[in-house]
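What follows is each chain in one-letter form.
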Amino acid sequence: MSFTSILLGIVVSVAAMAALMLAVAIFRTRRIVSLAEKLVPPSGKFVTIDGNRIHYMEKGEGRPILFVHGLGAQLHQFRSTLFDKLDGYRLIAIDRPGSGYSERVAGATGGLSEQARVVHHFIEALGLEKPLVVGHSLGGAVSLTLAIEHPKAISGLALLSPYTYHSGAIAPEFAALYIPSPLKRRLIAETIAIPAARKYADQTLAFVFGPQPAPADYMTEGGGWAGLRPSHFYATSTDIVAIGTDYPRLQKRFGEIKVPVGILFGTADRVLDYQKHGVEMVGRIADLDLELAEGIGHMPQFGAAEQTAAFIKRMAERAFRA
């Protein structure tokens, strides 16, 4: 047997093994997705905004409060913990484009200005009269961008553990999500990302929720299973890649914000430094209302739900009388 034949045989064997591993990964992904969509199916309404199919839920009547979730999250992070504590308001929570059951239009960048524009047009489409916007984590950055670029659309901001400062570096905990190549991002999303996310779910939740434990029913009531889908991973990676494209510019414009703004931050947040992203915002936005939740982590809507609801009510009273 010639050397060429041996080499060809090795190449064919390696290719066959790679194809088999790829097929197994895709099968495992599809199996998890099937379970995820059974345990946490879409349960709201849909509306098309700028080509994006937006999934949202609403409850109640009164002045509107709009909830915008953070990186890798979805609308149940508000519905499950806060909707029963905010009577007297029309409460609307959205899945940001690509997250949860919302679909992001092809060619979208995930930039903050782009996302804020979608939220603005969502407000118009639903006829919401200058809502108070509640933004958590990256949703706080989207909300701040909304206040800068579309100030007449809203009455104020109530920000929970908001991402307010981008240094240009990606934290080690999020490095695996930083995938600049859309093709590579799609390949990983459809093969290894979801089985890996399922395998390390407990560690991820401990980091995000800590020092408080994640609720026992978070994967269902909190919507966690909805994040175990390729489209959701792809959108999350897109968001983290895009954050550096326009936030450095937008951070310089916080002083332009005129609507009432409040920030609630846990002093034990492991995801974001409450000093950098919270305390240091005092003076950058006029009359900023800063409240600290002692010993609470990155998820105050779970770890301090009553305090969070009271904070939102206080900001609603301030925003709607301004």
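Look a little higher up for the structure.
Here the structure is a predicted model, which is why all the values come from computation and not from measurement.

Asks: Tell me about the environment of Met 315, residues and numbers included.
Replies: Inspection of the secondary structure assignment puts Met 315 in helix H11 (residues 305-321). For Met 315 and Arg 284, which are 31 residues apart along the polypeptide, the C-alpha to C-alpha distance reads 18 Å. Aside from chain neighbours lying at most four places away, what touches Met 315 is Leu 132, Leu 157, Ala 158, Pro 260, Val 261, Gly 262 and Asp 289.

Asks: Summarise the pairing of strand S8 (residues 289-293); cite the residues concerned and give the values.
Replies: Where burial is concerned, the two faces of S8 differ: the one with Asp 289, Glu 291 and Ala 293 is buried and the one with Leu 290 and Leu 292 is not. The sheet contact formed by strand S7 (residues 261-266) and S8 spans 5 bridges and is parallel. In the strand pairing of S8, Phe 265 is matched with Leu 292.

Asks: Before we move on, could you go through unusual backbone geometry and cite the residues and values that matter?
Replies: With an omega of 5°, the peptide bond running from Gly 210 to Pro 211 counts as cis. Positionally, Pro 211 belongs in the loop between helix H7 (201-209) and helix H8 (230-251). The phi dihedral of Ser 137 is positive, around 55°, even though this residue is not glycine.

Asks: Can you lay out the nonpolar core for me, pointing to particular residues and giving the numbers?
Replies: Within the largest apolar cluster, 43 residues are counted, with the highest numbers of intra-cluster contacts made by Phe 122, Ile 154, Tyr 247 and Ile 257. Here this core takes 7 residues from helix H4 (residues 138-149), the largest share from any one element. Residues contacting Phe 122, with those up to four places away along its chain left out, are Val 47, Ile 49, Ile 54, Tyr 56, Leu 66, Ile 92, Ile 94 and Leu 128. Core analysis: the second largest hydrophobic core is formed by 26 residues, Met 57, Phe 67, Leu 86 and Leu 264 among them.

Asks: Explain the pairing of strand S2 (residues 52-59) to me, using residue names and the numbers behind them.
Replies: With 5 bridges joining them, strand S1 (residues 45-49) and S2 adopt antiparallel strand pairing. Along S2, the bridge assignment pairs Val 47 with Ile 54. Hairpin connection between S1 and S2: a loop of 2 residues separates the two successive antiparallel strands, and Asp 50 in this loop has a positive phi of roughly 55°.

Parameters and conventions
- Residues numbered from 1 in each chain as written.
- Predicted model: local features only at pLDDT ≥ 70, side-chain atom pairs only at ≥ 80, totals over all residues.
- Heavy atoms only, no water.
- Helix = DSSP H or I, 4+ residues; strand = E, 2+ residues; numbered from the N terminus.
- Contact = heavy atoms within 4.5 Å.
- Buried < 20%, exposed > 50% of the residue type's maximum accessible area, 1.4 Å probe, protein only.
- Pairing = 2+ DSSP bridges.
- Core = buried A, V, L, I, M, F, W, Y, C linked by side-chain atoms within 4.5 Å.

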